[in-house]
Number of protein chains: 2
Amino acid sequence: MTAVSEKEFTTVFPAFKKAPAGTVQQILSASSRSAFQAYSRIYAEGDACTAIAFVLSGEIRVFKIGKTGREITLYEIGPGETCILNASCILAKRSYPAHAMTIAAGEMLLVPSALFRRLVEESESMRDFVFSLLSLRLTQVMELVEEIAFGKMDERLMEYLIERSEKGALAATHQKIANDLGTSREVVSRLLKDFERQGSVALARNEITLLGTE
Amino acid sequence: MTAVSEKEFTTVFPAFKKAPAGTVQQILSASSRSAFQAYSRIYAEGDACTAIAFVLSGEIRVFKIGKTGREITLYEIGPGETCILNASCILAKRSYPAHAMTIAAGEMLLVPSALFRRLVEESESMRDFVFSLLSLRLTQVMELVEEIAFGKMDERLMEYLIERSEKGALAATHQKIANDLGTSREVVSRLLKDFERQGSVALARNEITLLGTE
DNA sequence: CCTTCTCGGTGACAAAGTCACTGACAGGCC
DNA sequence: GGCCTGTCAGTGACTTTGTCACCGAGAAGG
């Protein structure tokens, strides 16, 4: 496992390009690079936070689980972002208020809490970075509230399909889609079947194809 | 309109008790005290932010409105808190992502954006205050997502009644309750009527009385 | 006493979530 | 090949929640 170079770091986290050289060096020398597989658990609700993760590659999904076992995705963390909830619970001394799992393999840089706290105090780049990400998440989660509270499931599903599809196709089980949208598999299956009957999608096991609106 | 004294400020915002004297003085001398009535509009979705409000007394409700006119309360801001979304849009240069209105008359201290930005850089007290509030809101809104996505309306309503009631009674129209919970008046009316039939509440115009579970 | 407005109640229907069960199919194994 | 097993998807029946349309009770003001 090679160390992370300054160049690599600032490429993924451009907010630190303008930071004094010492700042990035401090981060890199005190932190460890860590690889993760897809579909592994990162945090469960209530966990304490001892380090903060800066994602270099891969993807992490932050979600809630209800008593009935249903899930809903709050947001996803990609390269160039941190698990800001980590930051939040480090700085405000709370425990982790959700679950997090990886959905695509990758690597992250684990920055110890103590160093992170100090950098937020000393480095303007770090402060700006953390504030704007925290603020982005708050806005995103507020928009999610709006969608769940007022949106209709068929519209939310269609938007989801369009966003997630590549070249008009999407490989996913109905259960995974339901977990992202916060509904049940049956509802997703029924709505997709309706879409199919209307001729807007084609369905196969583990695969949904969008048929441009004709 | 008298100026806000240092003592008054640190009583309402204890986080600044440990701050160097200059910090609080800077805030007070550059800011203006402003009174507000109950039920007046503060921000609409998309507004730009030019100052940040530190609430001295009264209460502000932050909410979203759906296309159908339904509303849902995201959280409420009381004395000793700021409209952190202000902070968020000042620091991250976004526009305001929700609506805000007052629900109880009171006063606030309007701190100009430029000063606020500078204080976040220079003052540890201010930074801690803002971080912990931002983090609190994110956690609250995430819990709201969980409730809406997985909770049942009757349970949410009963919790709401218990939380908001004073001495077992609550003065509110069904419409207001619906606006807080993100549902429609009819649903609230129906569920309250069910509660009444079960003997757990008594209903009158503009008044709901809880009848301890006997 | 009458008008007007707000508040709440209700029935009928639509949308979404739950439960229980079925069938279809892929992959491994004999 | 045929068989077994586990995952995935489809469906009917029912409950809960949201929507629409409409009514009636009661407060407030002339």
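Residues numbered from 1 in each chain as written. Chains lettered and ligands numbered in written order. Predicted model: local features only at pLDDT ≥ 70, side-chain atom pairs only at ≥ 80, totals over all residues.

A. Main features of the overall build of chain A. Secondary structure summary: chain A contains eight helices and 10 strands in total. The principal-axis extents of the C-alpha atoms in chain A amount to approximately 60 × 35 × 25 Å. Across the 214 residues that make up chain A, the buried fraction comes to 37%. Intrachain contacts of chain A at a sequence separation of at least 6 include 68% that bridge at least 24 residues. (Helix = DSSP H or I, 4+ residues; strand = E, 2+ residues; numbered from the N terminus. Buried ≥ 20, exposed ≤ 12 C-beta atoms within 10 Å, placed from the backbone. Contact = placed C-beta atoms within 7 Å.)

B. Region of the structure containing the protein's contact with DNA strand C. Around DNA strand C, the structure places 21 residues, and the nearest of them are A:Lys152, A:Met153, A:Thr183, B:Thr173 and B:His174. Those elements that place two or more of their residues in the surface near DNA strand C are helix H6 (153-164) and helix H8 (185-198) of chain A together with helix H7 (174-181) and helix H8 (185-198) of chain B. Its residues placed into classes, the surface near DNA strand C shows four nonpolar, eight polar and nine charged. (Near = placed C-beta within 6 Å. Nonpolar A, V, L, I, M, F, W, Y, C, P; charged D, E, K, R; others polar.)

C. Local environment of the protein's contact with DNA strand D. Around DNA strand D sit 21 residues, and of these A:Thr173, A:His174, B:Lys152, B:Met153 and B:Thr183 come closest. For the surface near DNA strand D, the elements supplying multiple residues, two or more each, are helix H7 (174-181) and H8 of chain A together with helix H6 (153-164) and H8 of chain B. A per-element tally of the surface near DNA strand D places H8(A) first, with five residues. The residue inventory of the surface near DNA strand D, partitioned by class, reads four nonpolar, eight polar and nine charged.

D. Focus on unusual backbone geometry. All names here are of chain A. A positive phi angle, near 55 degrees, is found at Lys167, a position not held by glycine. Relative to the helices and strands, Lys167 resides in the loop between H6 and strand E8 (169-170). By C-beta crowding, Lys167 is classed as exposed, having 7 other C-beta atoms within 10 Å. A positive phi angle, close to 65 degrees, is found at Asn206, a residue other than glycine. Position of Asn206 relative to the elements: it lies in the loop between strand E9 (201-204) and strand E10 (207-210).

E. Examining the environment of B:Leu181 more closely. Residues and elements named next belong to chain B. Positionally, Leu181 belongs in helix H7. For Leu181, a count of 24 C-beta atoms within 10 Å translates into the label buried. Separated by 22 residues in the primary sequence, Leu181 and Glu159 have C-alpha atoms spaced 11 Å apart.

F. Representation of the environment of B:Val55 within the structure. All names here are of chain B. Relative to the elements of secondary structure, Val55 occurs in strand E3 (residues 51-55). Here Val55 falls in the buried class, since 22 other C-beta atoms lie within 10 Å of it. When residues no more than four places from it in sequence are discounted, the contact partners of Val55 are Ile60, Ile77, Gly78, Pro79, Glu81, Thr82, Gly106 and Met108.

G. A look at the nonpolar core. Membership of the largest hydrophobic core comes to 99 residues, with the highest contact counts inside it found for A:Val141, A:Val145, B:Val141 and B:Val145. Leaving out residues up to four positions away in the same chain, A:Val145 has contacts with B:Lys64, B:Ile72, B:Leu74, B:Val141, B:Leu144, B:Val145 and B:Ile148. (Core = buried A, V, L, I, M, F, W, Y, C linked by C-beta atoms within 7 Å.)

H. Here's a closer look at the interface of chain A and chain B. Contact residues are listed per partner, giving 32 residues for chain A and 32 residues for chain B. For the side of chain A that touches chain B, the elements supplying multiple residues, two or more each, are strand E5 (71-77), helix H3 (84-92) and helix H5 (124-150) of chain A. The element best represented in the side of chain A that touches chain B is H5(A), accounting for 17 residues. Tallied by class, the residues present in the side of chain A that touches chain B amount to 17 nonpolar, seven polar and eight charged.

I. Highlighting the relation of the copies chain A and chain B. Least-squares fitting of chain A to chain B yields an RMSD of 0.0 Å, with the superposition described by an axial translation of 0.0 Å and a rotation of 180 degrees. The superposition of one copy onto the other is thereby described by a two-fold rotation axis. Taken together, the interface assignments show that 100% of the residues at the interface of chain A recur at the interface of chain B, consistent with an identical surface on both copies. (Least-squares fit on C-alpha atoms with pLDDT ≥ 70 in both.)

J. Focus on the packing of H3(A) against helix H5 (residues 124-150) of chain B. Two elements in contact, H3(A) and H5(B), have axes whose closest approach is 9 Å; the angle formed by their N-to-C orientations is 130 degrees. Looking at the two axes, H3(A) sits oblique to H5(B). For the pair H3(A) and H5(B), the sense of crossing is left-handed. Touching A:Ser88, A:Leu91 and A:Ala92 of H3(A) are B:Phe131, B:Ser132, B:Ser135, B:Leu136 and B:Leu138, all from H5(B). Partitioning the contact of H3(A) with H5(B) into residue classes produces five nonpolar, three polar and no charged. (Axes fitted to C-alpha atoms, helices over the stretch in contact; angles between N-to-C directions. Parallel < 35°, antiparallel > 145°, perpendicular 65-115°, else oblique. Left-handed = near helix turned anticlockwise from the far one by under 90°.)

K. The sheet that holds E8(A), seen in detail. Residues and elements named next belong to chain A. A sheet is described by the order of its strands in space; here three strands give the open sequence E8-E10-E9, paired in antiparallel fashion. Two strands in the sheet have a free side with no partner beyond their single neighbour: E8 and E9. Pairing analysis gives four bridges linking E9 to E10, with the strands arranged antiparallel. Residue pairing for E10: Val201 is matched across the bridge by Leu210. (Pairing = 2+ DSSP bridges.)

L. Examining the sheet that holds strand E1 (residues 32-36) of chain B more closely. All names here are of chain B. With antiparallel pairing, the three strands of this open sheet are ordered in space as E1-E7-E3. The outermost strands of the open sheet, each flanked by one partner alone, are E1 and E3. Adjacent strand axes in the sheet meet at a mean angle of 35 degrees when their direction is disregarded.

M. Structural detail: the pairing of strand E10 (residues 207-210) of chain B. All names here are of chain B. Relative to E10, strand E8 (residues 169-170) runs antiparallel, the two sharing two bridges. What sits directly across from Leu170, in E10, is Ile208. Following strand E9 (residues 201-204), the chain reverses through two residues before pairing antiparallel with E10; Asn206 in that reversal takes a positive phi of roughly 65 degrees.

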